[in-house]
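Inside the fold
Given next are the chains, with one letter for each unit.
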Amino acid sequence: MELCQWWRHIVVFLIHAWIPSCFAQTTPPVRSSPTPTPQTAEGPETLKFRLSGFPRKHNEGRIEVFYKGEWGTICDDDFSLANAHVLCRQLGFVSATGWTHSAKYGKGTGKIWLDNVQCSGSERSVSVCKSRGWGNSDCTHDEDAGVICKDERLPGYMDSNVIEVQVDENKVEEVRLRPVFTIATKRMPVTEGVVEVKNKDGWAQICDNGWTPKNSHVVCGMMGFPHEKKVNKNFYKLLRKRSAEPKSKVKVTAARQEPKVITKTSTKPKPGKSAAAKRLYAERQKNHFLVHSVACLGTEVHLAACPLEFNYDNATESCPGGMPAVVSCVPGPLYAQSAAMRKKLKMPSTIRLKGGAKYGEGRVEVLKGSEWGTICDDRWNLLSASVVCRELGFGSAKEALTGARMGQGLGPIYMNEVQCTGHERSLWNCRYKNITAEDCKHTEDASLRCNVPYMGYEKTVRLSGGRSQYEGRVEVRVGQRWGSVCSEGWTTKEAMVACRQLGLGFSMHAITETWYWDGSNVTEMVMSGVKCTGEEMSLSQCQHHRTVNCQKAAARFSAGVICSETASDLVLNAPLVQQTTYIEDRPLHMLYCAAEEDCLSKSAAKANWPYGHRRLLRFSSQIHNIGRADFRPKAGRHSWVWHACHGHYHSMDIFTHYDLMSVNGTKVAEGHKASFCLEDTDCDEGVSKRYECANFGEQGITVGCWDLYRHDIDCQWIDITDVKPGNYILQVVINPNYEVAESDFTNNAMKCNCKYDGHRIWVHNCHIGDAFSEEAEKKFEKYPGQLNNQIS
């Protein structure tokens, strides 16, 4: 028995030593093999690593080590590329491409943990390399070493390309606004309340002596709001004063925030609102002031980054003449509680976020002239990201992301080395450099994640029966009961909203039959007729039947989802379409395969086969996957269709629509790839092909690759035999039925101006659907003539 207890103590000790280090570190430790972690003379190794400094990108920086409860640096004496290889692997990168000396990324603080480090390059931890020993150094922080890692992650690692604030979270872990009135807690978002901070001992208040609007600005930013507003302190003081008088009846009109005091006393307080109000006031008397002085500059993204003075002794009496700090915030347009306020607070028209799974995150794109472009991630940091977040109506930035973390953009790259102070009202007011062709590529597009208001949407939906937290039957709160959703009309758009509401990213599959998931706890169907645009924050904002009306109400036909943190993003190479467009008169005897695949207009069926010809508008399609996940066909291999004419399997029924429309939008001719063989024709440098149609191979388009359909292959055309001369719009739409999930559907359409004189075709101004401003797009649709008379 004593032996068992002894072992139990050992196990508990090891768990307590391991768990904190696991959950605290930014980058997971390398687990290249199942062998035990090396140990130092001091005992089990609990090291953590991070990249710091400025300016830098996510894969470079001053190397910092967390050892014995303290962050420190490494001296550059005897430093080498082999050392950098070991450290980069411990940071989760495959290898190093270089290293720096003499505090290139700025001087660190605290201990210099290692000096004269000498690794061979194959070690799994820097702790087993030769050195002078932990904490033994004759260096200063002017000699801090840095590393430059290859921007490729080791398998199983989360992306670490986050430029984040480093604050002392041992002092302040969380911040919240606690509303004064009970009714205010039911309104989302909470925009005003007492500022409370959390530390190891629980929640406490901040003394408002010396509290400034800059402090409020920081708190509002953390809560997801762009701006603060003045608080009626007299109201709160009077409320606090009256709350100390238990025999007074206090009637408060929350809407006007003005106290109406009735001096008549009562010995028997009535139950109900007055009793609840007294309980609330009594609770407010129990103030515990953790912080008695805050001095923010207003640009900080976390209160813990501001200078704070803490109370440790007799904290309840440490705010003489003051009261708990109260903050009131102005919500952005998406979160305003009234339609009038939403109309007043307009979203900016010159900046947007693309490719994000949630509101308040994405690739940063700016409008210059009439065309949208991206920002290079050189010098990209939280200050600049926060300016963007607040400009868009969100709070301060939570993360500044580099390396096209939210997918690559298209078109021009407008800004480089953006440097904001944090006080700017617009990104365009910040310092930046104009881009040159050599400076940046779209693999360096900057993106971000903003603090957004808490709305509680995730509490009104859940997944059940799935094999992981990312999949299952969708269940919602209707009244006081949970129930399933009818799958009739359930598409990728509705599934996208459900995954976003759950905070699980994108929907990879919209499931209409859920019989293969665990059905032991199937609930009653409570919602049907759900129809979403795909932009809603929750399913409750989508259209749906007032009363359940489902033709297939059996449990197996409940709506389900499979969510994913990443998704593909397909775009068409618009300039290539413009360069390759031409007309061909093709003999009917060469079009039998095309007719079988329904690639000709309806009048072809009445033609005198095999005599005569069809007039075809031909062009090349080069479809790129610029997202963060491979594009795979929805159907499995078992349901692919063999086409003998073309000698390969088709994995999708309809992948692309080709249409010729009049200037007012009426379709005059159409063509489409009835089915597609999806494969990697070519890829960006450093990316390997994964999909090939030949020999019943796997089909898809890899991230960083493209599928090319040349102008001279079957069905790569629009049959314009019956089209009269005139001005038209050529439109190509990829994935038109949203069969496969993408991070951005707005860039799936491409348009061109066309002029056809009966013999020749002029095609110009080809562009992706969301590449231009709304004003430019409206002019494009109405434009009747040609721009450059380009003849193909």
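You'll find the structure just up there.
Along each chain, residue indices are assigned from 1 in the same order as the chain's sequence is written. Selection of residues for local features in this predicted model requires a pLDDT of at least 70, selection of side-chain atom pairs for listing and counting requires 80 or more, and totals for whole chains, interfaces and linings are taken over all residues. Just so you know, side-chain values use all the structure's heavy atoms and leave hydrogens and water out.

This part is about the packing of aromatic side chains. A pair of Phe, Tyr and Trp rings is counted when the ring centres sit within 6.5 Å of each other, with Trp represented by its six-membered ring. The angle between the planes then sorts it: under 30 degrees is stacked, over 60 is edge-to-face, the rest tilted. Scanning the model with the defined rule gives 14 aromatic pairs in all. Ring centres of Phe619 and Tyr658 lie 5.2 Å apart, and the angle between their planes is 75 degrees; this geometry places the pair in the edge-to-face category. Of the two residues, Phe619 is situated in the loop between β34 (613–618) and β35 (621–625) and Tyr658 in strand β38 (residues 656–662); the sequence distance between them amounts to 39 residues. Judged on exposure class, the residue Phe619 and its partner Tyr658 are both buried. Plain terms: the ring middles of Phe631 and Phe655 are 5.6 Å apart, the flat faces sit at 65 degrees to each other, and that makes the pair edge-to-face. With a gap of 24 residues between them, Phe631 in the loop between β35 and β36 (641–643) and Phe655 in the loop between β37 (648–650) and β38 connect regions that are remote in the sequence. Any Lys NZ or Arg CZ that is within 6 Å of a ring centre and within 35 degrees of that ring's normal is treated as a charge sitting over the ring. Arg50 extends its terminal NZ or CZ atom over the ring of Trp71, reaching a point 4.0 Å from the ring centre. Above the face of the Trp203 ring, Arg176 is positioned so that its terminal group lies 3.9 Å from the ring centre. Helix and strand assignments come from DSSP, with helices taken as H or I runs of at least 4 residues and strands as E runs of at least 2, each series counted from the N terminus. Per-residue accessibility, obtained with a 1.4 Å probe over protein chains only, is compared with the maximum for each type, and a residue is labelled buried under 20%, exposed over 50%, and partly exposed between these values.

Note on terminology: pairs of cysteine sulfur atoms within 2.5 Å are recorded as disulfides. Per the counting criterion, the structure on display carries 16 disulfides. Paired by a disulfide, Cys752 and Cys766 hold their sulfur atoms 2.0 Å apart. Looking down the S-S bond of the Cys752 and Cys766 bridge, the torsion is 115 degrees, so its handedness is right-handed. Residue Cys752 is located in strand β44 (residues 749–756), and its partner Cys766 is located in strand β45 (residues 761–768); the two are separated by 14 residues in the primary sequence. The same class applies to Cys752 as to Cys766, namely buried.

All right, on to the sheet that holds strand β42 (residues 717–719) then. Should DSSP find at least two bridges between two strands, the strands are regarded as paired. Strand order in the open sheet formed by three strands is β33-β34-β42, with antiparallel pairing between adjacent strands. Where the open sheet ends on each side, the last strands, each with one partner, are β33 (582–587) and β42. Sheet twist, expressed as the mean angle between neighbouring strand axes with direction ignored, is 35 degrees. In this structure, β34 lies alongside β42, joined through three bridges in antiparallel fashion. Note on method: axes are straight lines fitted to C-alpha atoms, helices fitted across the in-contact stretch only, with angles between N-to-C directions ranging 0 to 180 degrees.

Once that is clear, we can look at the nonpolar core. Take the buried residues of types Ala, Val, Leu, Ile, Met, Phe, Trp, Tyr and Cys, join any two whose side-chain atoms come within 4.5 Å, and each joined set is a nonpolar core. If you look at the biggest cluster of nonpolar residues, it comprises 36 residues, and the most contacted ones within it are Phe655, Leu660, Ile718, Leu730 and Met750. In this structure, Trp380, Cys420, Ala446 and Cys450 belong to the second largest nonpolar core, which totals 27 residues.

Consecutive side chains of a regular strand alternate in pointing toward one face of the sheet and then the other. Counting buried positions along β44 yields six of eight residues, so the element is predominantly enclosed. Bridge analysis of β44 against β45 gives six bridges, and the strand direction is antiparallel. Within β45, the residue paired with Cys754 across the bridge is Val763. Taking the residues between adjacent antiparallel strands as the criterion, β44 and β45 are bridged by four residues, where Gly758 takes a positive phi near 95 degrees.

Across the 10 residues that make up helix α3 (residues 213–222), a large majority, eight, are buried. Looking at α3, one finds that the buried residues are Asn215, Ser216, His217, Val218, Val219, Cys220, Gly221 and Met222. Whether two residues touch is decided by their heavy atoms; if any such pair falls within 4.5 Å, the residues are in contact. Buried residues in α3 make contact with β10 (174–178), β11 (192–199), β13 (227–229), β16 (289–294), β18 (326–330) and α7 (382–391). After α3 finishes, the residue Gly224 shows a positive phi value of roughly 95 degrees.

Turning our eyes to something else, we now look at the side chain of Asp707. Within the secondary structure, Asp707 sits in strand β41 (residues 705–709). Here a polar contact is taken to be a pair of N or O atoms separated by no more than 3.5 Å, where protein atoms must pair a possible hydrogen donor with a possible acceptor and residues adjacent in sequence count only if both atoms sit in side chains. At a separation of 3.2 Å, a polar atom in the side chain of Asp707 contacts the main-chain amide nitrogen of Glu679. At 3.3 Å, the side chain of Asp707 forms a polar contact with the side chain of Thr681. Setting aside its immediate chain neighbours within four residues, Asp707 contacts Ser621, Gln622, Ile623, Cys677, Leu678, Glu679, Thr681 and Ile701.

Throughout this description, the term salt bridge denotes a Lys or Arg side-chain nitrogen within 4 Å of a carboxyl oxygen of Asp or Glu. Under the definition given, this model contains 37 salt bridges. Glu174 is the partner of Lys198 in a salt bridge, and the nearest nitrogen-oxygen pair spans 3.8 Å. Taken together, the positions of Lys198 in strand β11 and Glu174 in strand β10 put the pair 24 residues apart, joining distant regions of the chain. The network of salt bridges with common partners includes Arg352, Lys354, Arg363, Glu365, Asp744 and Asp770.

Going from Met188 to Pro189, the amide bond is cis rather than trans, its omega being 0 degrees. For Pro189, the location among the structural elements is in the loop between β10 and β11. Trp609 connects to Pro610 through a cis peptide bond whose omega is -5 degrees. Tracing the chain through its elements places Pro610 in the loop between α10 (592–596) and β34. In this structure, Asn116 takes a positive phi of about 50 degrees despite not being glycine. Secondary-structure assignment places Asn116 in the loop between β7 (111–114) and β8 (146–149).

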